[in-house]
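Each chain, letter by letter, is given below.
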Amino acid sequence: MALITISDKVRFIESVFGSGKLARNGKNFDVRCPVCAPKDHSKKKLAILIEDDRCHCWTCGYKAHTLAPLIRKYGNREKLAEYVDKYMPATERNRRCLWIDADEPEPPKLELPKDFKLLVTASLRDPDVLAMRKYLGQRGIGEREMWYFKLGFSDEMRWKRRVLVPSFDANGELNYFVGRAIDKFRRPKYDNPDNDKLPIIFNELNVDWTQELVLCEGAFDLMKCPDNTVPLLGSDLNEQSALFNAIIAHGTPIVLALDDDMRYKKTPKIAQKLAEYDVAVRITRMPEDADPGLLSRTHVKQLVADAPTLSWLDTFRDKLDFKSRTRLSR
Ligand SMILES: [Zn+2]
């Protein structure tokens, strides 16, 4: 890899954001924030951490893990391409860089529970295994998915009788897992390791950023979605997340396949956020009260294929429709 010096990087940053200055700590480079765009051009309130591109504006509070969203919005396509090719920390996006600070301890490596075993090869004499397989069967998840998603289990207290779904980063390293309780009244329904979720792109190993990407809510929805899908692990798409930044950086077209109850709330918000960065968005029409996890894979595939392109008029109509419906039901 060609070595990029700090002055190369600073020159690049200035070519996008205008002249800036190195902060006294020698780690931040401060430029004028294009988001709040102060009239006084000498105000350099956007602090960029040169080593890993995290940035933060002291005036408007804008924050991101990379510069990609800002360059896409306020720079141009050439600059964005140059950034992604040359300057954006490429491995374990947003987290590490060529000149990582030696004082900063590496975050502890995430591990699966020590006794993690694959469900598909586990002994059927174990009643918990039987119960977990039965649970999966009821959700339409068979051996194909158990193999493909490496579904597993552990007998540790916290994870017992939870189906564990591991996630692997672009290099095939474990970066997260979720544990779904199979017993109806167990809380929380989903339990995850306590690590920060923002840098996690669930199963990035399977993602092709050059193809249209489906976003769903949870790991169990993922199992019913087309191959190129990432779950949000919630119903929000945070602008600081690695997922958001990767979508913007690659200009990946998106299909939203969120639960039906998000139709009027989160879905339009996420769509709008992506559209602001010129990302093409389509939105699936889930059957009422459904989520992908409840449907068959074939059904979800069809919904994704049929998803209309986002148009603001439609979203607006949906909102009107929603309002008139709630008024009627009162
Ligand atoms: Zn700002």
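To be clear, the structure that these remarks concern was listed above.
Here the structure is a predicted model, which means the values were calculated and not measured.

Q: So what about the nonpolar core? Which residues, and what values?
A: Of all hydrophobic cores here, the largest spans 51 residues; its most connected members are Phe17, Leu46, Leu215, Ile247 and Leu274. The residues contacting isoleucine 247, other than those within four sequence positions of it, are Trp209, Leu213, Leu215, Leu237, Thr252, Ile254, Leu274 and Val279. Of all hydrophobic cores here, the second largest spans 43 residues; its members include Leu110, Phe116, Tyr135 and Ala219.

Q: Tell me about the coordination of the zinc ion, residues and numbers included.
A: Taken together, Cys33 (SG), Cys36 (SG), Cys57 (SG) and Cys60 (SG) make up the protein donors of the zinc ion, found 2.3 to 2.4 Å from the metal. Given four donor atoms and angles of 104 to 116° at the metal, the environment of the zinc ion is assigned as tetrahedral. In the primary structure, the donors to the zinc ion are separated according to the pattern C-x2-C-x20-C-x2-C. For cysteine 33, a relative accessible area of 1% corresponds to the buried category.

Q: A description of the sheet that holds strand 2 (residues 28-31) should follow, citing residues and the corresponding values.
A: In space, the five strands of this open sheet follow the order 1-2-3-4-5, with antiparallel pairing throughout. Of all strands in the sheet, those bounded by a partner on one side alone are strand 1 (21-22) and strand 5 (63-64). Across two bridges, strand 1 lies against strand 2 in antiparallel orientation. Across the sheet, the residue bridging to lysine 21 is aspartate 30, located in strand 2. Lying on the sheet, helix 1 (residues 6-17) is in contact with strand 2 and strand 3 (46-49); it crosses strand 2 at an angle near 20°.

Cut-offs used in this document
- Position labels on residues start from 1 in each chain and follow its written sequence.
- Where local features are concerned, this predicted model is filtered to residues with pLDDT of at least 70; where side-chain atom pairs are given and counted, the filter is 80 or more; whole-chain, interface and lining totals use all residues.
- Values shown for side chains rest on all heavy atoms present in the structure; no hydrogens or waters enter the calculation.
- Take the buried Ala, Val, Leu, Ile, Met, Phe, Trp, Tyr and Cys residues and link them wherever side-chain atoms come within 4.5 Å; each set so joined is a nonpolar core.
- Accessibility here uses a 1.4 Å probe with only protein chains present; expressed as a share of the type maximum, an area under 20% marks a residue as buried, one over 50% as exposed, and anything in between as partly exposed.
- In what follows, residue pairs with any heavy atoms lying within 4.5 Å of each other are defined as contacts.
- In this listing, donors mean N, O and S atoms no farther than 2.8 Å from the metal, or 3.2 Å for Na, K and Ca; water is missing from the atoms, so a site can look incomplete.
- Only four donors with every angle between 85 and 135 degrees are called tetrahedral; only four or six donors with opposite donors over 155 degrees apart and all others between 65 and 115 are called square planar or octahedral, in that order; all others are irregular.
- Whether two strands pair comes down to DSSP finding at least two bridges between them.
- Put simply, DSSP H or I for four residues or longer makes a helix, DSSP E for two residues or longer makes a strand, and each gets a number counted from the N terminus.
- A fitted line through C-alpha atoms serves as each axis, taken over the contacting stretch for helices, and the angle formed by two N-to-C directions is quoted from 0 to 180°.

Function-wise, these values are silent; they only describe arrangement.
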